[in-house]
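A closer look at the structure
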Amino acid sequence: MKSEKKKKYKRPKNLNIMLWRNFCLFSLLIILVVGIICYFVVSNSLSSYVQAKMRTVGSEVSEMLDNSSPVDENALTQYINGQCFLNGINIVVITQDGVILLPNDISAVEAGYWSGVEVTVYEKLSGSDLTDVLFKVDNAYIYAMQTSYAAHSGSTSYLVISYALEVANNAVNSVQSYLIIIGIFIILIAFLVSYGIAQKISDPLKRLTATANKMAKGDYSVKFASTEYQEIAQLSDTLNYAKDEIKKTDDFQKELLANVSHDLKTPLTMIKAYASMIQEISGDDPEKRNQHLQVIIDESDRLTGLVNDLLNVSKISSDVDQINKKVFNLTEFLFGILRKFEYLQDTQGYSFYADIDADLYTYADEEKIGQVLYNLISNAVNYTGQDKKVFISLKLDVAENRIKFSVRDTGKGIKKEEIPSIWNRYYRAKEEHARPVKGTGLGLSIVKTILEKHSFNFGVESEEGKGSTFWVDFPEVDAEVPAD
């Protein structure tokens, strides 16, 4: 048998570190992209500027040469050297034979360089319609144009301007260095800012976690604080709601233990006591023995009812017991429920007044509706007044196509502020009653759960000192056609 491979446990990531890291990487990427763009923009812009400047200077010098009459080579040389100094360029006037006309103070080494350049200039301009040309040689831009300067008649001359790319490259490198320095500072600032943002986002989550840990240890007085972030505020509200619901459940469990402990202890004590009495005292006396056995039976019924209520709540709440709807005669069904209470008329003097329309059909889960009707009538029996009267009604509302069931007692009624709580599990009114109230406090909770699963309207109307009326609306259907 092949052994199953264990799934590798993935260690949870730290939100703080993850946010900080991602923000830093994002900032670094932006700086890198901006730096590259700036580098190329600066390079292209500088190149365009240099070429435009060479053309402008060439036009100015050419105009100066054309207008110089008489020719003063020293003055022209001084002018050309001044332009070279101001613009960071080199300027010569050279013939097609490689003879440098201006400036007149050029060295032999420089003359050799310009002679080589002149060859290229002559090749590009001769035999073409071009009057000027701009090209790149080695590590320099060369701009050349024909000029009418005629210091040596009979020979074509050219104005040639050279701009060393080393100067442009140095400028670009300087800009790049500044960008790198600025980028480093921006990255450092981005690291600090991202750390602060990560802390600001993760701190509320840490506080929620700390609060949740306190709640997990049973401290339901904690409060999940909201923040300025909408998502975390929604999470806080959800956790507060969950905390309140868990607290209610915890309170219900504690109340259940108290109620069930009391409700179990009393019948068990009674059963044991009366069983002992039968064994020791009334075993040979049929009349007393039957009385004692009846007590045991009654107390056993109470235990059975308690266990059944607990099982019903558990099944209904967990959806183990599904709703199975069908069409049935609600009138006959209600009469069957009322017959279960006839013993109260005979033995305890209760009076049941029924106003029930004939042959009313509805579509619901018959068994569960039986629990609803029985629990509501039983609740009225428990809380009715000293007259022990209970009023049951089942009437058809033709206009609204519904059947309204109601049961009314003549008891003390329910306070307005307590009405929403009566449907809660294990709830009982706090007033003292002349008769002991039987039950676990689960009856109305079962009623509420069943009716909500059916989507039936229900409620209670009560006034202090005048009793309470519980009502349920059932859908009215045809007896022969099943409802959808």
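In the block above lies the structure referred to throughout.
Residues numbered from 1 in each chain as written. Predicted model: local features only at pLDDT ≥ 70, side-chain atom pairs only at ≥ 80, totals over all residues. Heavy atoms only, no water.

Turning to the environment of P267, a few remarks are in order. With respect to the helices and strands, P267 occurs in helix 5 (residues 230–282). Considered as a pair, P267 and V295 are 28 residues apart in the sequence and their alpha carbons are 9.3 Å apart. (Helix = DSSP H or I, 4+ residues; strand = E, 2+ residues; numbered from the N terminus.)

Turning to the sheet that holds strand 11 (residues 458–463), a few remarks are in order. The five strands lie next to each other as 7-9-10-12-11, forming an open sheet whose pairing is mixed. In the strand order of this sheet, the two ends are held by strand 7 (351–356) and strand 11, each with one partner. In this sheet, neighbouring strand axes are inclined to one another by 15 degrees on average, regardless of whether the strands run parallel or antiparallel. Bridge analysis of strand 10 (residues 402–409) against strand 12 (residues 467–475) gives seven bridges, and the strand direction is antiparallel. Looking across to strand 12, one finds that S406 is bridged to W471. (Pairing = 2+ DSSP bridges. Axes fitted to C-alpha atoms, helices over the stretch in contact; angles between N-to-C directions.)

Once that is clear, we can look at the packing of helix 7 (residues 330–339) against helix 9 (residues 366–383). Direction vectors running N to C along helix 7 and helix 9 enclose 50 degrees, while the axes themselves pass 10 Å from each other. Here helix 7 lies oblique to helix 9, going by the angle between them. Our pair here, helix 7 against helix 9, has a crossing hand that is right-handed. When helix 7 is examined against helix 9, the residues L330, F333, L334, I337 and L338 are found in contact with a partner set consisting of E366, I369, G370, L373, Y374 and I377. (Parallel < 35°, antiparallel > 145°, perpendicular 65-115°, else oblique. Left-handed = near helix turned anticlockwise from the far one by under 90°. Contact = heavy atoms within 4.5 Å.)

This paragraph deals with the pattern of salt bridges. Summed over the entire model, instances satisfying the criterion amount to 10 salt bridges. Between R402 and D473 there is a salt bridge; the shortest N-O distance is 2.3 Å. Placement of the pair is R402 in strand 10 and D473 in strand 12, with a sequence separation of 71 residues. Across the salt bridge formed by K466 and E463, the nearest N and O atoms sit 3.6 Å from each other. A residue is classified by how much of its surface remains accessible, and K466, at 58% relative accessible area, is exposed. Classification of E463 by relative accessible area gives partly exposed; the value is 44%. (Salt bridge = Lys/Arg side-chain N within 4 Å of Asp/Glu carboxyl O. Buried < 20%, exposed > 50% of the residue type's maximum accessible area, 1.4 Å probe, protein only.)

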